[in-house]
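# Analysis of the macromolecular model
As a plain string of letters, each chain reads:
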Amino acid sequence: MPTINSIEDLKRLREEAQKIKEMRDQAGKTQIVVGMGTIGIAAGARETLKTILTFIEENHLPDIILRQTGNLGLSGMDPVVKVTLPDQEEVSYCKVNPDIARKIMQDHVVDGNVLTDYLLKV
Amino acid sequence: MKQYRSMVLISNGDSSQSKGSEAVIDAFHQAIEKYDLTSEVYLTTIPDSGSPKSQPLVIVYPEAVAYGPVSAEKVDFLVSEHLYKGRVAESLKVSDPFEIKRISWLVQRTGTIPAENRIVLEYVGVIDPTSINDFLTHDGGQAFATAMEMEPQRIIDIIKKSGLRGRGGAGFPTGIKWQAVRDAPGNKKYVICNADESEPGTFKDRVILEGNPFSMIEAMLIAGYACGADEGYIYIRGEYHDALEKITNAIIAAREFGVLGKNILNTGFDFDIHVHSGAGAYICGEETALLESIEGKRGEPRQKPPYPTTYGLWGKPTLINNVETLGNIPPIIQNGAEWFRAQGTPSSPGTKVYTILGNVNKTGLMEVPMGITLREVIGIYGKGMKSSAFKFAQTGGSSGSIIPAILQDTPMDFDSYRNVGVSLGSGALLICDDSNCIVDCVRVLMRFFQVESCGKCVPCRIGTEQALEIMTAITQGRGTMDHLAQLEWLRKGMEDFSNCGLGQTAGTPIKNMLDHFRAEVEAHIKLGVCPAGVCEMGG
């Protein structure tokens, strides 16, 4: 990680970081985000994350960015998993247990079909 | 942050559904898309309101107009008239005079929309809390960069002008506090982030810390620069393991990055942050007890004055702010005081994060502008009561107030609530229906205070114990009318003579109970029955 020395550095770094993000968005990579706050973990987000990781390894899926985030504040909906396929809108799933996670990975990430049964509705 | 121009509520309970409300919702989605209003209009459902005659009922903010009954065919006309062209569709308005009376609460709500407006929570649940790079991509650090180019006094002026008030419960103007610390004599000053969120039912600070720990570091840096402090502490609740881990890692990352430590960004400004974990005491959320706890002593409140702004941690001037208050600082610095003033009510600008729980269909966290009413919270965000009718709500954990149903149309801001004799507290909204007994509820609260009282001053130590005994007697059918007079006397004693906020607010539930639910309490004593069927009553 770079160390910054001036206010200009801080401003410049944001632009660089945004450029990297744009490149990442355009590079055709699938992004999967798991909500991993206390509520999410209590609802089993760790198992969900592990399942997704195992699935990626077992099936040798390339170009997938898996990352975590905090809670959205929707108690009772966790674990929340957000999937963004390249050039597509973000899709949020709620109450994702390992079984559903495997289904999402197979049907949505691999085959490209959104699973309407598990969508997060606010 | 997404700001909506209009908000549409559609009733979607059983009765409305039988009259085709789901088709109306679909039609609304299509019409809003057709007129390209998706980014301007916030569409949501509420439970049945009003009588079946005018369902499905549609309410449009900020004009606060009610339409009903609305059929799917008329939706296109309604959207084009009201939302696209901006004039009220008079022909579809609720016309039944009886119905108008039932939704008369709407009249006072003209001009504001109760839509979610995430300022503090903007990037919570979006960014990766373990990656400083992800924080930078989402405008992170820019408020700090802007602040460092200003004079410290100018930052405080902006905060003062924004009208930001402390979100920990008391609502003290933040700018004045900052000014007091800046003006206090001495070279060594501290900034403390109070994350000891121990009010039962509140978990907003945890979500903020877990979701965006870097914003807290950024806000503390700005506070330190503005007040002339060079050291900061985050006092975090002992139970918050995940938040503790995330904030500790964030501080390490920030140090490596070069924004914490000596001579930050070559400006000659030094600042470092330490994390201090609490050990489970409720009283340590009180600012002076928190100071004692950091100093390694027993968590007991100090006498005030002197206030922490002049005599705080190790006798030095200290700024203590709640997590949510600090969370508001970077957006204010970035967008200016005027922008902040445009949200919420004139006396309490900005938004408030609430945690909603209890007998509602949907629980969770929301950030809405100040001035929303309880009725709207329950309808829009709680999606209605689970089974029976709304009886009372407890705001702000134990030290808050009990709000009876008659006050549910009071705007939720610091001053409006103070005017009707209740307090907003820290943001927990425990919604209770009429299967809950007020006497039992107050007994439980008294038990909480009796356990959590630190025992330093007599009124609180003895008062809570006595109040608990009397409340237990009433729930067991041994209550007398003299008990009520004693409770009133105890409450006044605790409020007037206690050392700190715990004792001073411990009597609030008793006061609210006797003010608003006296008949129910007297039924326990005179008739020997619990109207809600909760208390044992000696049987």
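### Looking at the overall build of chain B
- In terms of helices and strands, chain B carries 22 helices and 14 strands.
- In terms of overall dimensions, chain B is globule-like: its C-alpha atoms have a radius of gyration of 25 Å, near the 24 Å expected for 539 residues.
- Along the three orthogonal principal directions, the C-alpha set of chain B runs to about 70 × 65 × 35 Å.
- Taking all 539 residues of chain B together, the buried fraction comes to 54%.
- Restricting the contact set of chain B to residue pairs at least 6 apart, pairs at least 24 apart contribute 72%.

### Focus: the overall build of chain A
- Helices and strands together make up the secondary structure of chain A, namely four helices and four strands.
- If you list the helices and strands of chain A from N to C, you get α-β-α-α-β-β-β-α.
- By principal-axis analysis of the C-alpha atoms, chain A measures approximately 50 × 30 × 25 Å.
- Long-range contacts, defined here as pairs at least 24 residues apart, represent 64% of the contacts in chain A between residues at least 6 apart.

### Some thoughts on the environment of M370(B)
Residues and elements named next belong to chain B.
- Along the chain, the position of M370 falls in the loop between strand 11 (364–369) and helix 15 (374–381).
- With 21 residues separating them along the chain, M370 and P349 place their C-alpha atoms 6.6 Å apart.
- Discounting chain neighbours no more than four positions away, the residues touching M370 are G344, T345, S348, P349, G350, T351, K352, M412 and D413.

### Here's the deal with the nonpolar core
- Grouped together as the largest cluster of nonpolar side chains are 170 residues, with contacts concentrated most on F28(B), M220(B), I222(B) and A223(B).
- Top element by residues in this core is helix 10 (residues 213–227) of chain B. It accounts for 11 residues.
- Ignoring any residue separated from it by four or fewer positions in sequence, one finds F28(B) in contact with V8(B), I10(B), L43(B), V75(B) and V79(B).
- Core analysis: the next-biggest nonpolar cluster, separate from the first, contains 22 residues, M36(A), L49(A), Y93(A) and C94(A) among them.

### Details of the domain arrangement of chain B
All names here are of chain B.
- As far as domains go, chain B holds domain 1 (6–109), domain 2 (132–339), domain 3 (351–433) and domain 4 (438–527).
- Between the C-alpha centres of domain 2 and domain 4 the distance comes to 35 Å.
- Listed per partner, the contact involves eight residues of domain 2 and seven residues of domain 4.
- In the side of domain 2 that touches domain 4, the residues fall into three nonpolar, three polar and two charged.

### Overview of the interface of chain A and chain B
- Chain A puts 27 residues into the contact, and the matching count from chain B is 31 residues.
- Sorting the residues of the side of chain A that touches chain B by element identifies helix 1 (7–26), helix 2 (38–42) and strand 2 (64–69) of chain A as the ones contributing at least two each.
- Of the residues forming the side of chain A that touches chain B, the biggest block, eight residues, is contributed by helix 1 of chain A.

### Looking at unusual backbone geometry
- The omega angle of the peptide bond from Y61(B) to P62(B) is 0°, so this bond is cis rather than trans.
- For P62(B), the position within the fold is in the loop between strand 3 (58–61) and strand 4 (65–67).
- The omega angle of the peptide bond from P305(B) to P306(B) is 5°, so this bond is cis rather than trans.
- Its place among the elements puts P306(B) in the loop between helix 12 (287–294) and strand 9 (318–322).
- In the Ramachandran plot, K95(A) falls in the positive-phi region, its phi being about 50° despite a non-glycine side chain.

How each quantity is defined
Residues numbered from 1 in each chain as written. Chains lettered and ligands numbered in written order. Predicted model: local features only at pLDDT ≥ 70, side-chain atom pairs only at ≥ 80, totals over all residues. Helix = DSSP H or I, 4+ residues; strand = E, 2+ residues; numbered from the N terminus. Rg over C-alpha atoms; globule rule 2.2 N^0.38 Å. Buried ≥ 20, exposed ≤ 12 C-beta atoms within 10 Å, placed from the backbone. Contact = placed C-beta atoms within 7 Å. Core = buried A, V, L, I, M, F, W, Y, C linked by C-beta atoms within 7 Å. Domains from an automatic or database assignment. Nonpolar A, V, L, I, M, F, W, Y, C, P; charged D, E, K, R; others polar.

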